[in-house]
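Descriptive analysis of the structure
Next come the chains, spelled out residue by residue.
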Amino acid sequence: MKKILAITLCAVMLLTSVLAFASCGETKAKVEVFTEYELTAESYAFAIAKGNDELKTAANDLLAELSETGELNKIINSFFDGTATFAYTNPVSTVPTGADKENYLVVATNAYFPPFEYYEGSKLSGVDMKIASLLADKLGKTLYINDMDFDTIITSVMNGESDIGMAGMTVNETRLELVDFTTEYYESAQVLIAREDDSVFADCKSAEDIENVLKKQGKDFIVGTQNGTTGFMYTAGDADFGYDGYKNLETKSYTTGALAVLDLANGKINAVIIDKQPAIMIAESTNK
Ligand code: ARG
């Protein structure tokens, strides 16, 4: 009797590990964005070192011109609907420094955030990159795009390595203590991405419903976010931002949103919280 039990137990264990292995990585599920349910309200602006009023004025003048002429909306729409053609290659391979730096507008970004900044092959594209090129033109300087991890952008602007941060960056109090921001040029929100075949959020009909489902999860429920972003602060909690966060569940940070969504599709995590338009675009390319 004991032997039969042991054999059955062994068989069950073998079967579950085979099933677990098969479900991991092998089958990539489709992901779905809950676009209608906005979990936060945020505005993007460009980050400039405190005291660099010359650059701030130039950037604000450009943004005012672009919005008065309707050009800003045209640029944004063209990257949203994929009709934009702008793509840029840096003319030099390393960040300009020293005396040479005067000739350049060095823009800090994290180019894994479509449609605001992303790679098209080896070229850089996106709403912010297009505006960056217009700003460089206005200043009579050559554009150098300094791609880096999102959570190092503010430091790079503060220590003068980069002149300006253009990265779909949300204005908030914590960041305002470190850098100045230009005029706000885009309104955004955090949204949730889940697997299409996952029923956890199926009955949600509002942002509040999503929040209530999140509040009910345990530590085995993992939400992916990008390092240093407001999506992380919203999910993990941040007193300065007035976000309680979800201490009941596990928040995981990734270097890019796309890596988080890939883990979601592969069943390694349960949801991703990220800015709305990037969510739509990243989900679209992950589902291909
Ligand atoms: N808006 C969010 C924030 O400011 C996310 C920005 C991420 N941007 C990027 N280029 N990866 O925290």
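First, a word on what this report is: a plain description of the structure on this page. (Residues numbered from 1 in each chain as written. Predicted model: local features only at pLDDT ≥ 70, side-chain atom pairs only at ≥ 80, totals over all residues. Heavy atoms only, no water.)

A look at the layout of surface pockets
Within this model, the largest pocket holds a volume of roughly 310 Å³. Around the largest pocket sit 13 residues that line it, and Pro114, Tyr118, Met281, Ile282 and Ser285 are the ones nearest its centre. Sorting the residues of the lining of the largest pocket by element identifies β5 (112-113), β6 (117-120) and α10 (276-286) as the ones contributing at least two each. The leading source of residues in the lining of the largest pocket is α10, at 5 residues. Here the second largest pocket defines a volume of roughly 200 Å³. (1 Å grid on protein atoms, 1.4 Å probe; cavity = no way out; pocket = protein on both sides within 12 Å on 5 of 7 lines; lining within 4 Å. Points joined across faces, edges and corners; volume = space filled by probe spheres on them. Helix = DSSP H or I, 4+ residues; strand = E, 2+ residues; numbered from the N terminus.)

Structural notes on the sheet that holds strand β15 (residues 271-275)
The 5 strands lie next to each other as β1-β12-β15-β13-β14, forming an open sheet whose pairing is mixed. Sheet topology places β1 (31-33) and β14 (250-254) at the edges, where each strand pairs with a single neighbour. Each neighbouring strand pair of the sheet contributes to a mean axis angle of 30°, computed without reference to strand direction. (Pairing = 2+ DSSP bridges. Axes fitted to C-alpha atoms, helices over the stretch in contact; angles between N-to-C directions.)

Some points on the sheet that holds strand β10 (residues 180-181)
Read across the open sheet, the 5 strands follow the order β8-β4-β9-β3-β10; overall the sheet is mixed. At either margin of the open sheet sits one strand with a lone partner, and together these are β8 (142-147) and β10. Strand direction decides the pairing type here: strand β4 (residues 104-109) and strand β9 (residues 164-165), joined by 2 bridges, are parallel. When the sheet's bridge partners are listed, Ala108 is paired in β9 with Gly165. Relative to the sheet, helix α4 (residues 127-139) contacts β4, β8 and β9, its axis offset from that of β4 by approximately 160°. (Contact = heavy atoms within 4.5 Å.)

Concerning the pattern of salt bridges
A complete count under the given rule lists 8 salt bridges for this structure. The salt bridge involving Glu38 is made with Lys276; its shortest N-O contact spans 2.7 Å. Here the residue Glu38 occupies a position in the loop between β1 and β2 (42-44), and Lys276 occupies one in helix α10, the gap between them amounting to 238 residues. The partly exposed category is assigned to Glu38, whose relative accessible area is 42%. A salt bridge links Lys138 to Glu65; the nearest nitrogen and oxygen atoms lie 2.9 Å apart. Of this pair, Lys138 sits in helix α4 while Glu65 sits in helix α2 (residues 53-68), and the two are 73 residues apart along the sequence. Taken together, the shared-partner salt bridges in this structure form one network comprising Lys50, Lys56 and Asp180. (Salt bridge = Lys/Arg side-chain N within 4 Å of Asp/Glu carboxyl O. Buried < 20%, exposed > 50% of the residue type's maximum accessible area, 1.4 Å probe, protein only.)

Some words on the environment of Ser285
Of note, Ser285 is situated in helix α10. Look at Ser285 and you get partly exposed, because its relative accessible area is 45%. Sequence-wise, Ser285 and Val261 are 24 residues apart; in three dimensions their C-alpha atoms are separated by 10.0 Å. From its side chain, Ser285 meets the backbone oxygen of Ile282 in a polar contact 3.2 Å long. (Polar contact = N/O pair within 3.5 Å; in protein donor to acceptor, adjacent residues only side chain to side chain.)

What is shown is where atoms sit, not what they do.
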